[in-house]
Amino acid sequence: MIDLRNITKTFATESGPLQAVSDVSLQIGEGDIYGLIGFSGAGKSTLLRTINLLERPDAGTVAVDGEELTRLNLRELRRRRLSIGMIFQHFNLLNNLNVYDNVSFPLEIAKVPKAERRPRIERCLEMVGLSDKAKAYPAKLSGGQKQRVAIARALANEPKILLCDEPTSSVDPQTTGSILAALKDINRELGITIVIVTHEMNVVQAICNKVAVMEHGRVVERFDLHEKNIVPQSPIAQFLFKNEIALETGRETEARYA
Amino acid sequence: MLDNVIYAWPELLKSLGETFYMLVLTIPIAVAIGTPLGTLLFLTRPDSFLKWPKFYVLLNGVVNLVRSFPFLILMIAIIPFTRLVVGTALGTTAATVPMIINAVPYFARFIEQVLLDVNRGVVEAAESMGANKLQIVWKVLYTEARSGIANAVTIVTVSFLSYSTVAGLVGGGGIGDFAIRYGYYRYQTDVMFVTIVIMVLFVQLFQFTGNFVVRKLDKRL
Ligand SMILES: Nc1ncnc2c1ncn2[C@@H]1O[C@H](COP(=O)(O)OP(=O)(O)OP(=O)(O)O)[C@@H](O)[C@H]1O
Ligand SMILES: [Mg+2]
């Protein structure tokens, strides 16, 4: 579904060139919920953004659904982007448009005829449980609701892929649950492939079937989370998994004494 | 004492009419030309969407050049141009030429600034949806910046109500001309006072209307 090969991306910064992603290859299958985890500055966002070429890699190729995006011209790339949804940590909704018009926005971009928009918008809002908020402006919504509007907006053009950059990093743990549940639903019901960047192992454990651990611009380890015994080799993966285990035992302990 | 005011009243109304005539020509033209220019300034800035660095340097330079002229000097300096455009350098229509030339880059700068305030993330989200540059400008930038644009129109209108008085010095008529004749040459303080009160009321009205529109357009809070 998504095939990244030898992706390298270097930024020019004041203190010289900075290699944000170094020679990363990653294959993501259809229907996967694929996690990209790592600490701040590891290059997760940069790698994610190369998938729809918001960030154009200096070297390497990006192929989606067998089509090499890195070879397309800008016009063709825009057409392909219609079928790759994206959501962000800070939601990035249009603040001067209400919820309905925000979800309508990508349909207008895609020049969907007006008559077809309404049923699609209503279906998307229903999917994220916000039909009753259609007339509300983003400023009046909670963080979790805003992110669900962003999900509805990303779904409007019926994408096959949804890219998520820390979708739960600016909401509380409870809201995180509702956003993750919405993502899981759309993956199951619509078969949409999801790539999710996070620095929280909980998020990975909650919805991902695969995960790649990133550090200093490289993927240091990857795991299939359906496997029985996962034995992390790299120190960073050990740290991330151990944290989660500590959390689990904490919960078990709590349960035992409840 | 009231006699002076009553005597000057018809003249005052005529002058006010001329001032509004100048504003009604200047502001819409400044908005119509300044908005696309300001948008181009924004789009061609280093690190922005259009990689036209030479164009930016040129446009930015011209905007700065025109903006650096004190208004009275601009007015005198472009008299030949004004004559070319309206056939004469005298009169109210002629006075609007320097006003427009001053207002266009002023408004363009405002637009550039207002667009800079639009959240980059929203623009990026639109890009990720496959929006082209024109769609980003129309559907994202202008939508998100609309209250800022309304605010800019308000400020420019109030400023040019003030600039329009300078036109009185070169035979452009208007409220400035009126003030010179009655307040300065005839020294009628009462007439001057009434004029000032009327101007203050108009500025308040413009500002109040502007703020109202801005509040209506702004859904960010
Ligand atoms: N546009 C840019 N210009 C310059 N440097 C950048 C740019 N984008 C990212 N970087 C740098 O590249 C490195 C990787 O950034 P990236 O955003 O991919 O990290 P991340 O893993 O997503 O981290 P975080 O958890 O903080 O979001 C960082 O050091 C960052 O400062
Ligand atoms: Mg990031």
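Parameters at a glance
Residues numbered from 1 in each chain as written. Chains lettered and ligands numbered in written order. Predicted model: local features only at pLDDT ≥ 70, side-chain atom pairs only at ≥ 80, totals over all residues. Heavy atoms only, no water. Contact = heavy atoms within 4.5 Å. Buried area = accessible area lost by both parts, 1.4 Å probe. Salt bridge = Lys/Arg side-chain N within 4 Å of Asp/Glu carboxyl O. Polar contact = N/O pair within 3.5 Å; in protein donor to acceptor, adjacent residues only side chain to side chain. Helix = DSSP H or I, 4+ residues; strand = E, 2+ residues; numbered from the N terminus. Nonpolar A, V, L, I, M, F, W, Y, C, P; charged D, E, K, R; others polar. Buried < 20%, exposed > 50% of the residue type's maximum accessible area, 1.4 Å probe, protein only. pLDDT = per-residue confidence, 0-100.

## Focus: the interface of chain B and chain A
Counting from both sides, the interface comprises 24 residues of chain B and, opposite them, 25 residues of chain A. Approximately 2100 Å² of surface area, both sides summed, lies buried where chain B meets chain A, with 55% of it carried by carbon and sulfur atoms. When residues of chain B are sorted by the area they lose upon contact with chain A, Ser-128, Met-129 and Lys-219 of chain B head the list and together hold 29% of the total. The interface formed by chain B and chain A contains two salt bridges. Of the charged contacts in the structure, one is a salt bridge between Arg-49 of chain A and Glu-124 of chain B, with a shortest N-O distance of 2.7 Å. The interface formed by chain B and chain A includes 11 residue pairs in polar contact (both at pLDDT 80 or more). Going through the elements one at a time, α6 (120–128) and α7 (133–163) of chain B are the ones with two or more residues in the side of chain B that touches chain A. The residue inventory of the side of chain B that touches chain A, partitioned by class, reads eight nonpolar, seven polar and nine charged.

## A look at the side chain of Glu-124 of chain B
In this fold, Glu-124 of chain B is placed in helix α6. For Glu-124 of chain B, a relative accessible area of 16% translates into the label buried.

## Notes on the confidence of the model for chain B
Predicted coordinates in areas of low pLDDT are best not read in detail. Put simply, chain B has an average pLDDT of 93, and 100% of its residues get 70 or more. Across the whole predicted complex the pTM is 0.89, and at the interface the ipTM reaches 0.89.

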